[in-house]
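# Coordinate inspection notes
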Amino acid sequence: MPYIDFIYNLFGGNIDGLDLLPQEALQEQCRIFTEGLETHERDGWMLKSEEYLLEHGLEHLKQWLSGNKIDADTGDDHLSHLISNLLMLRSNKLSGRIA
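What comes next concerns the included structure. Worth saying up front: this structure is predicted, and the values here are computed from it rather than measured. (Residues numbered from 1 in each chain as written. Predicted model: local features only at pLDDT ≥ 70, side-chain atom pairs only at ≥ 80, totals over all residues. Heavy atoms only, no water.)

## A short note on the side chain of D76
What counts here: Counting from the N terminus, the helices are DSSP H or I runs at least four residues long and the strands are E runs at least two residues long. Whether two residues are in contact is decided by their heavy atoms: any pair within 4.5 Å suffices.
Here D76 lies in the loop between α3 (50–65) and α4 (78–95). Residues contacting D76, with those up to four places away along its chain left out, are R31, I32, E35, K69, I70, D71 and H81.

What follows is the structure in structure tokens.
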């Protein structure tokens with residue numbers, strides 16, 4: 001798993017359980033975040049409220065559940081954007097940027 005090895009090396013091997021996460025999904029999230037730089041300010045999500053991130057994530061979930069699996073604006077699966085919103089929300093919560 002070369003991608004996982006890269007992450008381990010990047011953090012000095014201090015991430016227990018990283019090898020348990022699905023590599024393909026991690027790579028996809030990296031791509032989603034990178035492509036997001038075309039329309040969003042880098043790290044701008046760190047300033048977003050809990051409500052904003054939840055609303056956008058839930059909209060992607062609603063679209064996916066209604067059968068509209070692909071986001072027309074990006075060509076990505078709506079689930080990928082839901083996961084991105086949840087990752088941003090969780091990071092903001094863990095870091096204390098939002099209560």
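## Looking at the packing of aromatic side chains
Put simply, the rule reads: Put simply, two rings from Phe, Tyr or Trp (the six-membered ring, in Trp's case) pair if the centres are within 6.5 Å, and we call them stacked under 30 degrees between planes, edge-to-face over 60, tilted for the rest. Either the NZ atom of lysine or the CZ atom of arginine qualifies as a charge over a ring when it sits within 6 Å of the ring centre and within 35 degrees of the ring normal.
This model, assessed by the stated rule, comprises one aromatic pair. Seen in terms of ring centroids, F33 and W45 are 6.5 Å apart; in terms of plane orientation they differ by 90 degrees. Their pairing is edge-to-face. Here F33, found in helix α2 (residues 23–36), pairs with W45, found in the loop between α2 and α3; they are 12 residues apart in sequence, far enough to count as distant. For the cation-ring pair, K48 lies above Y52, with the distance from its terminal atom to the ring centre recorded as 4.5 Å.

## Here we look at a nonpolar patch on the surface
Condition: Here a patch means residues that are over 30% exposed by relative accessible area and free of salt bridges, tied together within 9 Å if like-charged and within 5 Å if nonpolar (Val, Leu, Ile, Met, Phe, Trp, Tyr). Using a 1.4 Å probe, accessible areas were evaluated by the Shrake-Rupley method; residue-level cover was limited to the displayed protein chains. Criterion for a salt bridge: a side-chain nitrogen of Lys or Arg within 4 Å of a carboxyl oxygen of Asp or Glu.
The grouping of F33, I83 and L87 at the surface amounts to a nonpolar patch, some 240 Å² of accessible area in total. By secondary structure assignment, the location of I83 is in helix α4.

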